[in-house]
Amino acid sequence: WSDLEALYERVIGAADSSERKTDLLAEVGIIAEEITNDTAKAVTYYERILALAPDHDVATLALDTLYATQERWQDLAELLRRRIERAGATDPTSLRLRLATLLYARLGDPKGALDELEQVSDADPANREARELVEKCLDHADLRQRAAEILEKVCTERGEMGELVRVHESRL
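Treat the numbers as computed from the prediction; the structure is a model and nothing was measured.

Student: Would you take a moment to explain the nonpolar core for this structure?
Tutor: Membership of the largest hydrophobic core comes to 47 residues, with the highest contact counts inside it found for Y46, L63, L76, L114, L117 and V134. Among the elements that line this core, the one with the most residues is helix α6 (residues 93-105), at seven residues. The residues touching Y46, leaving out its near neighbours within four places in the chain, are G29, I30, E33, A59, A62, L63 and L66.

Student: Got a minute to help me understand the side chain of T93 in this structure?
Tutor: Relative to the assigned elements, T93 resides in helix α6. The contact partners of T93, leaving out residues within four places of it in the chain, are V120, A123 and D124.

Student: Quick question: what am I supposed to make of the packing of α6 against helix α8 (residues 128-137) here?
Tutor: Helices that pack against each other are described as a pair by the angle of their axes relative to one another and the distance between those axes. Contact geometry of α6 with α8 gives a least axis separation of 11 Å together with a crossing angle of 30°. Comparing the axis directions of α6 and α8 gives the class roughly parallel. Judged by the twist between their axes, the crossing of α6 over α8 is left-handed. Counting all contacts with α6, which are made through L97, A100, T101 and Y104, the residues of α8 involved are E129, A130, L133, K136 and C137. Across the contact of α6 with α8, the residue classes tally to six nonpolar, one polar and two charged.

Student: Honestly, the confidence of the model for the protein chain in this entry has me stumped. Any pointers?
Tutor: Close reading of the predicted structure is inappropriate where its pLDDT is low. Per-residue confidence for the protein chain averages 90 on the pLDDT scale, and 92% of its residues sit at or above 70. Mean pLDDT across the elements of the protein chain ranges from a minimum in helix α10 (residues 161-171), with 59, to a maximum in α6, with 97.

Student: How should I be thinking about the layout of surface pockets in this particular structure?
Tutor: Unfilled space is identified by rolling a water-sized probe across the atoms. Put simply, the largest pocket is a space of about 300 Å³. What lines the largest pocket is a set of 17 residues, and nearest its centre among them are D57, T60, R83, R86 and A87. Those elements that provide at least two residues to the lining of the largest pocket are α4 (57-69), α5 (73-85) and α6.

Student: What am I meant to see in empty space enclosed by the protein here?
Tutor: Using the criterion set out here, one finds one cavity of 30 Å³ or more in the structure. Forming the walls of the largest cavity are S121, D122, P125, I150, K153, V154 and E157. Mapped by element, the contributors of at least two residues to the lining of the largest cavity are α7 (110-123) and α9 (144-158). A total of four residues in the lining of the largest cavity trace back to one element, the largest contributor, which is α9. Its residues placed into classes, the lining of the largest cavity shows three nonpolar, one polar and three charged.

Student: Please explain the pattern of salt bridges as it appears in this structure.
Tutor: Between side chains of opposite charge, a pair can form when the charged atoms approach closely. Counting across every chain of the model gives 14 salt bridges. With a shortest N-O distance of 2.7 Å, D64 and R83 are connected by a salt bridge. Linking D64 in helix α4 with R83 in helix α5, this pair joins segments that are 19 residues apart in sequence. Two residues, E135 and R131, come together in a salt bridge whose shortest N-O distance is 3.7 Å. Residue E135 and its partner R131 are both found in helix α8; the two are separated by four residues, about one turn of the helix. With relative accessibility at 25%, the residue E135 sits in the partly exposed group. Taking relative accessible area as the criterion, R131 reaches 14% and is therefore assigned buried. Residues participating in the shared-partner salt-bridge network are K111, D115, E118 and R146.

Student: Sorry, what's going on with α7 here?
Tutor: Residues lying three or four places apart along an α-helix face the same way, a consequence of the helix completing one turn every 3.6 residues. The first and last C-alpha atoms of α7 sit 20 Å apart over 14 residues, in line with the 20 Å expected at 1.5 Å per residue. Taken together, the buried positions of α7 are P110, G112, A113, L114, E116, L117, V120 and S121. Close packing links the buried residues of α7 with α5, α6, α8 and α9.

Scoring rules and cut-offs
Positions within a chain are numbered from 1, following the residues in the order the chain's sequence is written. For this predicted model, a pLDDT threshold of at least 70 governs which residues receive local features, and a threshold of 80 or more governs which side-chain atom pairs are given and counted, while totals over whole chains, interfaces and linings are taken from all residues. Side-chain metrics in this entry use all non-hydrogen atoms of the structure; hydrogen atoms and water are not considered. Within this scheme, the nonpolar core is defined by two criteria: the residues are buried Ala, Val, Leu, Ile, Met, Phe, Trp, Tyr or Cys, and they are joined through side-chain atoms within 4.5 Å. Burial classes: relative accessible area under 20% of the type maximum marks a residue as buried, over 50% as exposed, and values in between as partly exposed (1.4 Å probe, protein chains only). The helix and strand labels rest on DSSP assignments: H or I over at least four residues marks a helix, E over at least two residues marks a strand, and numbering proceeds from the N terminus. Contact between two residues is taken to exist if any of their heavy atoms lie within 4.5 Å; hydrogens are not considered. Axes here mean lines fitted to C-alpha atoms, for a helix over just the part in contact, with angles spanning 0 to 180 degrees between N-to-C directions. Here roughly perpendicular refers to angles of 65 to 115 degrees, roughly parallel to angles under 35, roughly antiparallel to angles over 145, and oblique to all remaining angles. Definitions for this section: a left-handed crossing has its near helix turned counterclockwise from the far helix by less than a right angle. A right-handed crossing has that turn clockwise. Each residue receives one of three labels: charged for Asp, Glu, Lys and Arg, nonpolar for Ala, Val, Leu, Ile, Met, Phe, Trp, Tyr, Cys and Pro, and polar for the others, Gly being one of them. Confidence of the predictor at the level of single residues is given by pLDDT, which spans 0 to 100. Site definitions follow a grid-based scheme: protein atoms alone, a 1 Å grid, a 1.4 Å probe that fits but cannot get out for cavities, and for pockets an open set with protein on both sides within 12 Å along at least five of seven lines, plus lining residues having an atom within 4 Å of a point. Grid points are joined across faces, edges and corners, and a volume is the space filled by probe spheres set on the points. For this analysis, a salt bridge means a side-chain nitrogen from Lys or Arg found within 4 Å of a carboxyl oxygen belonging to Asp or Glu. In this scheme, a helix's expected span is set at 1.5 Å multiplied by one less than its residue total.

Okay, structure coming up:
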């Protein structure tokens, strides 16, 4: 494997276009990930791809999986943020929800989670998972007011008056 890897590195170094380099890096990344099970090297190769081609889907999805598997939560959060920024016409709501869940559950950042959840709730007021996470934010005194405002907006929009009363009671 080390001889093959060295050969790939020489060919990558000699490649005349970034497209060719990303193709070669993707090949050696897949070999590292799937054949030799060297996930640390695979991550390095995929990260090198993103340095050359930030929108490279294969590298992005591979890193998403590898970061989660390796519990590299901060790296995963940054990757999700970049994916949200680059979403373009694609609806980033599911990515924002993943980021919010990661921020809340793994990184201990309920405020950052609430920032994302507000946008998820605006885009999809019926999203139950987002709503449940906003409700968890009610347990944080410094976030209670803002979380209640988000829930109030969702309940009003959905016509859920019983829930609206409960949200108002949580503000007291």
